Amino acid sequence: MSILTGTDSSLYAHYVFKAFDVNSNGAISFRDLLVTLSTLLRGSIYEKLRWTFKLYDINGDGCITRAELAEIVVAIHELMGRRAHQVRATGRYGQQVCQDVRYTSV
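Being a predicted model, the structure only gives us computed values, none of them experimental. (Residues numbered from 1 in each chain as written. Predicted model: local features only at pLDDT ≥ 70, side-chain atom pairs only at ≥ 80, totals over all residues. Heavy atoms only, no water.)

Engineer: Give a description of the overall build of the protein that names residues and reports values.
Structural biologist: Across its full length, the protein holds six helices and zero strands. The order of α-helices and β-strands along the protein, N terminus first, is α-α-α-α-α-α. Taking all 106 residues of the protein together, 26% fall into the buried category. Contacts spanning at least 24 positions in sequence make up 40% of the contacts within the protein whose residues lie at least 6 apart. Looking at the protein as shown, the accessible area adds up to about 7,400 Å², and 60% of this sits on carbon and sulfur atoms. (Helix = DSSP H or I, 4+ residues; strand = E, 2+ residues; numbered from the N terminus. Buried < 20%, exposed > 50% of the residue type's maximum accessible area, 1.4 Å probe, protein only. Contact = heavy atoms within 4.5 Å. Areas by Shrake-Rupley, 256 points an atom, 1.4 Å probe, with all protein chains shown as cover.)

Engineer: Got a sec to walk through the UniProt feature "domain: EF-hand" (unreviewed entry) in the protein? Specific residues and values, please.
Structural biologist: Here, the residues flagged by UniProt with the feature "domain: EF-hand" (unreviewed entry) are residues 8-43 and 44-79. The span residues 8-43 is 67% helix and 0% strand, and its two end C-alpha atoms sit 30 Å from each other. The annotated region residues 44-79 carries 72% helix and 0% strand content, and the separation between its end C-alpha atoms amounts to 27 Å. (UniProt positions renumbered as here; feature names shortened; annotations may be inferred.)

Engineer: With reference to specific residues and values, describe the nonpolar core.
Structural biologist: Taken as a class, soluble globular proteins show a tendency for nonpolar side chains to be buried jointly. Counting nine residues, the largest nonpolar core is built from Tyr-15, Val-16, Ala-19, Phe-20, Trp-51, Leu-55, Ile-58, Ile-72 and Ala-75. For this core, the elements supplying multiple residues, two or more each, are helix H1 (10-20), helix H3 (45-56) and helix H4 (66-79). Ranked by residues supplied to this core, first place goes to H1 with four residues. Residues contacting Ile-72, with those up to four places away along its chain left out, are Tyr-15, Leu-55, Tyr-56 and Ile-58. (Core = buried A, V, L, I, M, F, W, Y, C linked by side-chain atoms within 4.5 Å.)

Engineer: Before we move on, could you go through unusual backbone geometry and cite the residues and values that matter?
Structural biologist: Excluding glycine, most residues fall at negative phi; most peptide bonds, likewise, are trans. Positive phi, normally seen in glycine, also occurs at Ser-24, with a value near 55°. With respect to the helices, strands and loops of the structure, Ser-24 is situated in the loop between H1 and helix H2 (30-42).

Engineer: Could you give an account of the packing of aromatic side chains, naming the residues involved and the relevant values?
Structural biologist: Throughout the structure, instances matching the rule amount to one aromatic pair. Relative to Trp-51, the ring of Phe-20 has its centre 5.9 Å away and its plane inclined at 85°; by these criteria the two rings are edge-to-face. Of the two residues, Phe-20 sits in helix H1 while Trp-51 sits in helix H3, which places them 31 residues apart along the sequence. The two residues Phe-20 and Trp-51 agree in class, both being buried. (Phe/Tyr/Trp six-rings, centres within 6.5 Å; stacked < 30°, edge-to-face > 60°.)

Engineer: An account of H2 is requested, with residue identities and associated values reported.
Structural biologist: Taking 1.5 Å per residue as the helical rise, H2 with its 13 residues ought to reach 18 Å, and the 17 Å between its terminal C-alpha atoms agrees with that figure. Looking at H2, one finds that the buried residues are Asp-32, Thr-36 and Thr-39. All buried residues of H2 fall inside an arc of 60° around its axis, so they share one side. Along H2, exposed side chains directed more than 90 degrees from the buried face belong to Phe-30, Arg-31, Leu-41 and Arg-42. On the buried face of H2, the contacting elements are H1 and H3. (Expected span 1.5 Å × (residues − 1). Arc of directions from axis to C-beta.)

Okay, here's the thing in structure tokens:
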């Protein structure tokens, strides 16, 4: 549980940790922290988008699948205290998220 009452930040924290772990060695070094913070605070739009892509590309294969997008969105909903696990159980949550993204990206 997070410091926000009734929310669960563990899943989202896991994904953010992986994105901060520049060397993919399971630890965030001081250098990793500085590089990532510098990218997010002072990087170009391209660098910020590349970092965001890394966050969403859960398995690191260079593509963001519908399942990966749905996992991140569920993690964000859980972070915000929404009952994403109930929506996920319906099996249609990822499809709805991707359909919404398709409409907004046109």
